[in-house]
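Remarks on the overall topology
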Amino acid sequence: MENNLTNALGAISQKLGTNLKLDYAEEYCNSNQHPLKRDVQKIIVAGSSVCPLCESIRKSAELSREQSEIHARTTHRQVHDFISENSLLSDKGLLQAGFKNYNVQDTNSEAGVNKQKAIKAFKHYEAGNAFNTLFFGMPGVGKSHLAMAMLRSLNEAKAGEAKCLFIKVDKLMNAIRETFNSGYTGDKNEMYYIQLLLEADYLVLDDLGAESGSLDRNSKATDFVHRVLYTVLDGRQDVGTIITSNLAEEELPEIYDTKLVSRIRKDNYLIEFIDTDDKRIKSIELD
């Protein structure tokens, strides 16, 4: 009991920023906050009688509340920054891609229609629906841009409550292969990367097919690629996954086995580019 009183007085003294002279009041406290310690004599602090044990309990609750708030803010920031801290992409500028800067001249064009389809898919994800969004089409038409726009919009809409991740598939495979080298000294391995992708609430798998050298449409995916992609997609059947590819949908079975294609196509929402020109091709003038 004496230790509790001493600690409580120290807490009060520290808060008030003064050295207390211990003056006891004539009153005693039998608050329900400390049912096992009865008849606690109050003390005089700044002209008021205070129960040191009640004050200690109040201070402990206040400290606990502050620590909980700090933890919540830290967790919120970690979740919000998951996309920038863990994404694997070649062009960091893609992190600035959004719906507003996906410019289309004609809203009725294929690009304009597909932009609206991407916005619709984002809204369904935001509402809690789970499905795969598949972007197919030639390079440079804006598939990755729209996929990132969806992801960034979800990152903001979910306000730090959902982890978003953008993964360029060939960079993922290269990162995992690097851990197989005998001279590798890092602490990451194949399971680390798989768990990272499974942990994401919303995931973009960008440029599917490039990891297999399949741009020439002649290369089959290796057992290693199948193992990684199947494990990820099989574990993500109840959450949102966005996939972009330069392949056409009908070419998937030429590259991947039936089980993997089934996971890719499961509950899919197709956004296909057929007539849109390559937005990367621009002529410039030099002084």
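Read on for an overview of the structure. (Residues numbered from 1 in each chain as written. Predicted model: local features only at pLDDT ≥ 70, side-chain atom pairs only at ≥ 80, totals over all residues. Heavy atoms only, no water.)

Quick word on the overall build of the protein
The condition is simple: Here a helix means four or more residues in a row that DSSP labels H or I, a strand means two or more in a row labelled E, and each is numbered from the N terminus. Any two residues whose heavy atoms approach within 4.5 Å are treated as being in contact. We get accessible surface area from the Shrake-Rupley algorithm with a probe of 1.4 Å; when it comes to residues, only the shown protein chains can shield them.
Helices and strands together make up the secondary structure of the protein, namely 10 helices and eight strands. Of the contacts made within the protein by residues no fewer than 6 positions apart, 73% connect residues no fewer than 24 positions apart. Within the structure as shown, the protein displays about 16,300 Å² of accessible surface, and the carbon and sulfur contribution to it stands at 47%.

What to know about empty space enclosed by the protein
A water-sized probe, rolled over the atoms, reveals where empty space remains. Which entries qualify depends on this criterion: A cavity here means a set of 1 Å grid points, computed over protein atoms only, where a 1.4 Å probe fits but cannot escape. A pocket is an open set with protein on both sides within 12 Å along at least 5 of 7 lines, and lining residues have an atom within 4 Å of a point. Grid points are joined across faces, edges and corners, and a volume is the space filled by probe spheres set on the points.
Enumeration over the complete set of coordinates arrives at one cavity of 30 Å³ or more. When its volume is computed, the largest cavity comes out at roughly 80 Å³. Forming the walls of the largest cavity are A130, F131, N132, L233, R236, Q237, V239, R263, K266 and D267.

Observations regarding the nonpolar core
Nonpolar side chains in soluble globular proteins generally cluster together in the buried interior. Put simply, the rule is: Throughout this description, the term nonpolar core refers to a set of buried Ala, Val, Leu, Ile, Met, Phe, Trp, Tyr and Cys residues connected via side-chain atoms within 4.5 Å. Per-residue accessibility, obtained with a 1.4 Å probe over protein chains only, is compared with the maximum for each type, and a residue is labelled buried under 20%, exposed over 50%, and partly exposed between these values.
Among the nonpolar cores identified, the biggest contains 34 residues, and L172, L197, Y256 and I264 are the most heavily contacted of them. For this core, the secondary-structure elements that each account for two or more residues are β4 (132-136), β5 (164-168), α6 (169-180), α7 (190-199), β6 (202-208), α8 (223-234), α9 (252-255) and α10 (258-265). Not counting the four nearest positions on each side in its chain, L197 is found in contact with L165, I167, L172, L203, L205, V232 and R236. Core analysis: the next-biggest nonpolar cluster, separate from the first, contains 31 residues, L94, A111, L151 and L154 among them.

Focus: the pattern of salt bridges
Which entries qualify depends on this criterion: A side-chain nitrogen of Lys or Arg and a carboxyl oxygen of Asp or Glu constitute a salt bridge if their distance falls within 4 Å.
Scanning all chains against the criterion turns up 11 salt bridges. With a closest N to O distance of 3.3 Å, D170 and K168 form a salt bridge. When the shortest N-O distance is used, the salt bridge between K266 and D267 registers 3.1 Å. Note on K266: relative accessible area 30%, which makes it partly exposed. Judged by its relative accessible area of 48%, D267 is partly exposed. A single network of salt bridges, built from pairs that share partners, joins E55, R58, K59 and E62.

Some thoughts on the side chain of N132
So the rule is basically this: Counting of polar contacts relies on pairs of N or O atoms within 3.5 Å, with two restrictions inside protein: one atom must be capable of donating a hydrogen and the other of accepting it, and residues adjacent in sequence are counted only when both atoms are side-chain atoms.
Its location among the elements puts N132 in strand β4. Since its relative accessible area comes to 6%, N132 is described here as buried. Among the polar contacts made by the side chain of N132, one reaches the main-chain carbonyl oxygen of I264 at a distance of 3.1 Å. Sequence-distant contacts of N132, defined by excluding residues within four places in its chain, comprise Y125, T241, R263, I264, K266, D267, N268 and Y269.

Brief notes about the packing of α8 against α10
Geometrically, a packed helix pair is captured by the angle between its two axes and the distance between the axes. Note the threshold: Fitting a line to C-alpha atoms yields each axis, with helices limited to the stretch in contact; the angle taken between N-to-C directions then spans 0 to 180 degrees. Crossings are classed by handedness, with left-handed meaning an anticlockwise turn of the near helix from the far one by less than a right angle and right-handed meaning a clockwise turn. Following the grouping adopted for this structure description, the nonpolar residues are Ala, Val, Leu, Ile, Met, Phe, Trp, Tyr, Cys and Pro, the charged ones are Asp, Glu, Lys and Arg, and the polar ones are all others, Gly among them.
Two elements in contact, α8 and α10, have axes separated by 10 Å at closest approach and are oriented at 40°. Where α8 crosses over α10, the handedness of that crossing is left-handed. For the pair formed by α8 and α10, the contact residues are H226, L229, Y230, L233 and D234 on the first element and K259, L260, R263 and I264 on the second. Grouping the amino acids of the contact of α8 with α10 by side-chain chemistry returns five nonpolar, one polar and three charged.

What about the packing of α6 against α8?
For clarity, the threshold we go by: We call two directions roughly parallel when the angle between them is under 35 degrees, roughly antiparallel when it is over 145, roughly perpendicular when it lies between 65 and 115, and oblique otherwise.
Running from N to C, α6 and α8 cross one another at 110°; their axes reach a closest spacing of 11 Å. Here α6 lies roughly perpendicular to α8, going by the angle between them. For the element pair α6 and α8, the recorded crossing hand is right-handed. Only F224, V225, R227, V228 and L229 of α8 make contact with α6, whose side of the interface consists of V169, L172, M173, I176, R177 and F180.

That is the geometry; function is a separate question.
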